[in-house]
2 protein chains.
Amino acid sequence: MSTFKSTIKNMNVKDQAKLAQEASKHLALLSEEEKNEALLVIADTLESETDYILKENEKDLVNGKEKDFSEALMDRLRLTEDRVKEFANGLREVVELEDPVGEILSDWTLDNGLNVEQVRVPLGVIGMIYEARPNVTVDATGLALKSGNAIVLKGGSNAIHSNSAIVSVIHKALTKTKIPEAAVQFIASTDREAVGQLFTMKEHIDVLIPRGGGSLIKTVVENATVPVLETGVGNCHIYVDQFADLDKALSIMENAKTDRPAVCNAAETFIFHEAWLNEHAELVSALFEKHEIEVHGDEKAAELLPDVIPANEKDWAEEYLSLAVAVKVVSSVEEAVAHIERYGTKHSEAIVTENPDNAITFLNSVDAAAVYHNASTRFTDGSALGFGAEIGISTQKLHARGPMGLPALTTIKYRMRGDGQVR
Amino acid sequence: MSTFKSTIKNMNVKDQAKLAQEASKHLALLSEEEKNEALLVIADTLESETDYILKENEKDLVNGKEKDFSEALMDRLRLTEDRVKEFANGLREVVELEDPVGEILSDWTLDNGLNVEQVRVPLGVIGMIYEARPNVTVDATGLALKSGNAIVLKGGSNAIHSNSAIVSVIHKALTKTKIPEAAVQFIASTDREAVGQLFTMKEHIDVLIPRGGGSLIKTVVENATVPVLETGVGNCHIYVDQFADLDKALSIMENAKTDRPAVCNAAETFIFHEAWLNEHAELVSALFEKHEIEVHGDEKAAELLPDVIPANEKDWAEEYLSLAVAVKVVSSVEEAVAHIERYGTKHSEAIVTENPDNAITFLNSVDAAAVYHNASTRFTDGSALGFGAEIGISTQKLHARGPMGLPALTTIKYRMRGDGQVR
């Protein structure tokens, strides 16, 4: 029977951010070994306090049931012994990642003898704003601490008991390590005003990372004066060119649409070259039937495929995140690129073709974090690319683009050493 | 006699941003040679149209005189044949810089055969918001075009005739090159609302770069939803430690304060260790006297130095940008670091000491773009560090920190090539 007590207090958000900032200064100076030891202690403590975490999680589940949450949402909320074990193992994987802090990116000496080093340092304090998944509490904390940053966590109110419990366990673990407890702050208030304070606290918070649905991200981007790392909204397209190989096209469409429809690198629109679709309409509609995919298409799509719901503007722009797809028929690669330019979210875009010129046109002209030739958009993911755990997938151009691993949580500093040099 | 005609029309700001965006797509695909040729044509045309530029500049000068501008401001506004020549030569120097676009930053193949390239690409459209210096019009345009970006220029109304003339000459030059004229947009409207539109045009502008005084930068940061690269405010400190070498301390102070007091990497506050100042007060005050430096200090400074004006909160936070200095006396390196933490702008901070431990404490603990041991803060500058021309000095942590050369105007893109890979 767990006798665990919560360490979470309902504090002023500004005070919490200040505490995090103060802690970040100590954290920035710790060695990789000290940070790794702390992460391992957290992992062990999460496992040994599984009962407490599950008991608290139960409160969120009861609340979710009362509020009649969807099964998908309940599933995201639900913790089990195995899931807690996964959290712990996730931290152990972060221990294996290379610490970016202290890396000398370049190093030169001016003619006057002044030595210049460009060195990686932590950003400082990361503000994480997220929705119902309690795993973000652990994952984001692990990546922040490993890269020498303090973190201020603001999770969704639906997971408040689970998140509080997890953070309390992390705090308990940190008392046995070199990392100050204050380096992990959890905002317990569900008051909107309290959260809004995070948006403008430039003196104490170095970056805000929103993770969740499009409306959460939009709210943060529009209201924050603290710099934001935008993540995750993916209205991804697969363009099947006139010269697409049939097998590649079918398997890439199937994988990108049906493997995990709810993730951001899943495909939301298929763009077909008219000539290709004309020839292969039967196999394409068989694929749609096999997975019971709902098809929203333009007029030409409706001519060539059965059961097409007429598409409107919203269909072209929407992330369905389910077994639905928008279908656009074009007569050139340029037309496909123009459609993507208009409706894409600069996440992941693919062309299927055996024509090298069309591939090059697509890869060079489409402005997105990841552009693919003859592969599924599902590879835009830190673990798939070999970066290890990721803090999110950036769809912005500044600072970090695409899957963000540990280096995205750092900045640089010029360190100059002289013996009296003046200009 | 010049028969030059202005190409600047009073257009809708949104239309201009859209034109720039359209042009940026062509520009992104040009080769380094094509971009260099264009810059050389612009340089030559600026020289051959010097008469026209000076004639238009005269209008700004007449207006400045009527409005009783300070001599410093008039000097910044005033163009001469030599200054126009400097503009042209600045562009010729940009031609010599390496083009960052297309650089493959890393490149690997997954076990399944999918090839991954991380390649540098232009940001797209840069919005430049600046004050009275017409040279920014040329410098920023040169750096933007070389890095494959379109630019939307919004200069100060005081230089409106000079800037319009320069942009008209650039447009004339571009008609003879591969770069579309529309890649350089100049906002002629002095209407505040028109400018405000730039702040939120996320669909068409990729980054805003404000260059000018603190209040301009603050306005942009607080009102923009377009990502901002913050530049330039430098409340830089020189900390003269207990173990500072006398000659180094005096020459670094003199250089950092008096070489060019109006620039952002000039020193604004001297922090002295009490023991050191106690011993060398006479030579320090001789230095202040020699340059007629106005001293605002704390109580201990007033005890040790003559003619000290009592410093208030504003003095600690202010960029004097003139021959004035704030003086703080401390009893440890930690106290100096704490003062810098409270009042610094994270630009450039220096310690003068012969004690290696104090140097390390300072270099590691001070959070700034550039930290110096035994050298003047004046080296925080693209040309001093060997980067060539710079678009500004970033005082933020995300994307770029310190002097920003061409790579700061790029982002990356993952380019994936497969033969049907799925997850």
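About the thresholds
Going along each chain's sequence as written, the residues are numbered from 1 onward. Chains and ligands are labelled by the order in which they are written, letters from A for the one and numbers from 1 for the other. The predicted origin of the model limits local features to residues at a pLDDT of at least 70 and limits the giving and counting of side-chain atom pairs to 80 or more, whereas totals for whole chains, interfaces and linings rest on all residues. For side-chain calculations, the full set of non-hydrogen atoms in the structure is used, while hydrogens and water are omitted. UniProt positions are given in the numbering used here, feature names are shortened, and annotations may be inferred rather than shown by experiment. Comment: elements are numbered from the N terminus, with helices defined as DSSP H or I runs of at least four residues and strands as E runs of at least two. C-alpha atoms define the radius of gyration, and 2.2 Å times the number of residues to the power 0.38 defines the globule rule. Residue exposure (1.4 Å probe, protein chains only): buried if accessible area is under 20% of the type maximum, exposed if over 50%, otherwise partly exposed. Here, two residues are considered to be in contact whenever any of their heavy atoms come within 4.5 Å of each other. Computed with the Shrake-Rupley method and a 1.4 Å probe, the accessible areas treat only the protein chains shown as cover for residues. In this tally, Asp and Glu contribute negative charge and Lys and Arg positive charge; neither His nor the terminal groups of the chain are included. Note on charges: their place is set at NZ of Lys, CZ of Arg, CG of Asp or CD of Glu. Buried area is a sum: the accessible area each of two parts loses on coming together, probed at 1.4 Å, counted once for each and added. The term salt bridge refers to a side-chain nitrogen of Lys or Arg lying within 4 Å of a carboxyl oxygen of Asp or Glu. By definition, two strands form a pair when at least two bridges between them are found by DSSP. Orientation is described by axes fitted as lines to C-alpha atoms, over the contacting stretch for helices, and by angles from 0 to 180 degrees between their N-to-C directions. Left-handed describes a crossing in which the near helix is turned anticlockwise from the far one by less than a right angle; the clockwise case is right-handed. Copies overlap after least-squares fitting; the atoms used are the C-alpha atoms of residues with pLDDT of at least 70 in both. The way it works is a 1 Å grid over only the protein atoms, where trapped points that fit a 1.4 Å probe form a cavity and open points with protein on both sides within 12 Å along at least five of seven lines form a pocket, and then any residue with an atom within 4 Å of a point lines it. Grid points are joined across faces, edges and corners, and a volume is the space filled by probe spheres set on the points. Only Asp, Glu, Lys and Arg are considered charged in this grouping, and only Ala, Val, Leu, Ile, Met, Phe, Trp, Tyr, Cys and Pro are considered nonpolar; every other residue, Gly among them, is considered polar.

- Labelled according to an unreviewed UniProt entry, chain A appears under the name Gamma-glutamyl phosphate reductase, originating from Fictibacillus phosphorivorans.
- As stated in UniProt under Function (unreviewed entry), the record for chain A gives "Catalyzes the NADPH-dependent reduction of L-glutamate 5-phosphate into L-glutamate 5-semialdehyde and phosphate. The product spontaneously undergoes cyclization to form 1-pyrroline-5-carboxylate."
- UniProt, in its Catalytic activity (unreviewed entry) section for chain A, records the words "L-glutamate 5-semialdehyde + phosphate + NADP(+) = L-glutamyl 5-phosphate + NADPH + H(+)".

Things to note about the overall build of chain A
Working step 1: Within chain A, the regular secondary structure consists of 16 helices and 16 strands.
Working step 2: Here chain A has a C-alpha radius of gyration of 24 Å; the compact-globule value for 423 residues is 22 Å, and the two agree.
Working step 3: For chain A, the C-alpha atoms occupy an extent of roughly 70 × 65 × 35 Å along the three principal directions.
Working step 4: For chain A, the proportion of its 423 residues judged to be buried stands at 59%.
Working step 5: When contacts within chain A are restricted to residue pairs at least 6 apart in sequence, long-range pairs at least 24 apart make up 73% of them.
Working step 6: By element, 47% of the accessible surface of chain A is carried by carbon and sulfur atoms, the whole surface being about 16,900 Å².
Working step 7: Charge-centre separation for chain A: the mean point of 42 positive side chains lies 9 Å from the mean point of 67 negative side chains.

With respect to the interface of chain B and chain A
Working step 1: On the side of chain A, 64 residues touch chain B, which itself brings 64 residues to the contact.
Working step 2: Regarding the contact of chain B and chain A, the summed buried area is about 5,500 Å², with carbon and sulfur atoms giving 57% of it.
Working step 3: Linking chain B with chain A are 8 salt bridges.
Working step 4: One salt bridge connects A:Arg423 with B:Asp381, and the closest N-O pair in it is separated by 3.7 Å.

A word on the pairing of strand E1 (residues 104-109) of chain A
Residue and element names in this part refer to chain A.
Working step 1: Relative to strand E2 (residues 115-122), E1 runs antiparallel, the two sharing 5 bridges. Bridge pairing links Trp108 to Val116 in E2.
Working step 2: In textbook terms, the turn of a hairpin is the stretch between consecutive antiparallel strands, and for E1 and E2 this stretch comprises 5 residues, one of which, Gly113, has a positive phi near 95 degrees.

Focus: the packing of helix H10 (residues 246-258) of chain B against helix H11 (residues 274-290) of chain B
Residues and elements named next belong to chain B.
Working step 1: The geometry of H10 relative to H11 is characterised by a closest axis approach of 11 Å and an angle of 35 degrees between their N-to-C directions. The crossing of H10 and H11 is right-handed. From H10, Leu246, Ala249, Leu250, Met253 and Glu254 reach across to H11, where they touch Trp276, His280, Leu283, Val284, Leu287 and Lys290.

Looking at the relation of the copies chain B and chain A
Working step 1: The two copies are related by a screw motion: chain B maps onto chain A through a turn of 180 degrees and a shift of 0.0 Å along the axis, at an RMSD of 0.0 Å. Read as a symmetry element, the transformation amounts to a two-fold axis. Across chain B, the rotation axis passes nearest the C-alpha of B:His399, at a separation of 1.7 Å.
Working step 2: Take the interface residues of chain B: 100% of them recur as interface residues in chain A, which is what a same-surface contact looks like.

Quick word on the UniProt feature "domain: Aldehyde dehydrogenase" (unreviewed entry) in chain A
Working step 1: Sequence positions flagged by UniProt for "domain: Aldehyde dehydrogenase" (unreviewed entry) are, in local numbering, residues 9-298 of chain A.
Working step 2: In residues 9-298 of chain A, helix accounts for 51% and strand for 17%; the two terminal C-alpha atoms are 54 Å from one another.

Some words on the pattern of salt bridges
Working step 1: The full count for this structure, using the stated rule, is 60 salt bridges over all chains.
Working step 2: A salt bridge links A:Lys346 to A:Asp367; its shortest N-O distance comes to 3.2 Å. Taken together, the residues A:Lys346 in the loop between helix H14 (333-343) and strand E12 (348-352) and A:Asp367 in the loop between helix H15 (356-365) and strand E13 (370-375) connect sequence positions 21 residues apart.
Working step 3: A residue is classified by how much of its surface remains accessible, and A:Asp367, at 31% relative accessible area, is partly exposed.
Working step 4: The residue B:Glu203 makes a salt bridge to B:Lys14 at a minimum N-O spacing of 3.6 Å. Of the two residues, B:Glu203 is situated in the loop between helix H8 (192-199) and strand E6 (207-211) and B:Lys14 in helix H1 (residues 13-27); the sequence distance between them amounts to 189 residues.
Working step 5: With relative accessibility at 33%, the residue B:Lys14 sits in the partly exposed group.

Some remarks on the sheet that holds strand E2 (residues 115-122) of chain B
Working step 1: Strand order in the open sheet formed by 10 strands is E10(A)-E9(A)-E11(A)-E8(A)-E7(A)-E12(A)-E13(A)-E16(B)-E2(B)-E1(B), and the pairing between neighbours is mixed. Each of the sheet's edge strands pairs with one partner strand only, and the pair in question is strand E10 (308-310) of chain A together with strand E1 (104-109) of chain B. Within the sheet, the average angular offset between the axes of one strand and its neighbour, ignoring direction, is 25 degrees.
Working step 2: In this fold helix H11 (residues 274-290) of chain A packs onto strand E7 (236-240), strand E8 (267-273), strand E9 (294-297) and strand E11 (324-330) of chain A, with an angle of close to 140 degrees to the strand it touches most, E8(A).
Working step 3: Across the sheet, H15(A) lies against E7, E12 and E13 of chain A together with strand E16 (410-421) of chain B, angled at about 150 degrees from E16(B), the strand it touches most.

Observations regarding empty space enclosed by the protein
Over the atoms, a rolled probe matching the size of one water molecule traces out where space is still vacant.
Working step 1: As enumerated under the stated definition, the model contains 1 cavity of 30 Å³ or more in all.
Working step 2: Roughly 340 Å³ of internal volume is contained in the largest cavity.
Working step 3: A:Val226, A:Pro227, A:Val228, B:Pro227 and B:Val228 are, among the 21 residues lining the largest cavity, the residues nearest its centre.
Working step 4: Tallied by class, the residues present in the lining of the largest cavity amount to 12 nonpolar, 5 polar and 4 charged.

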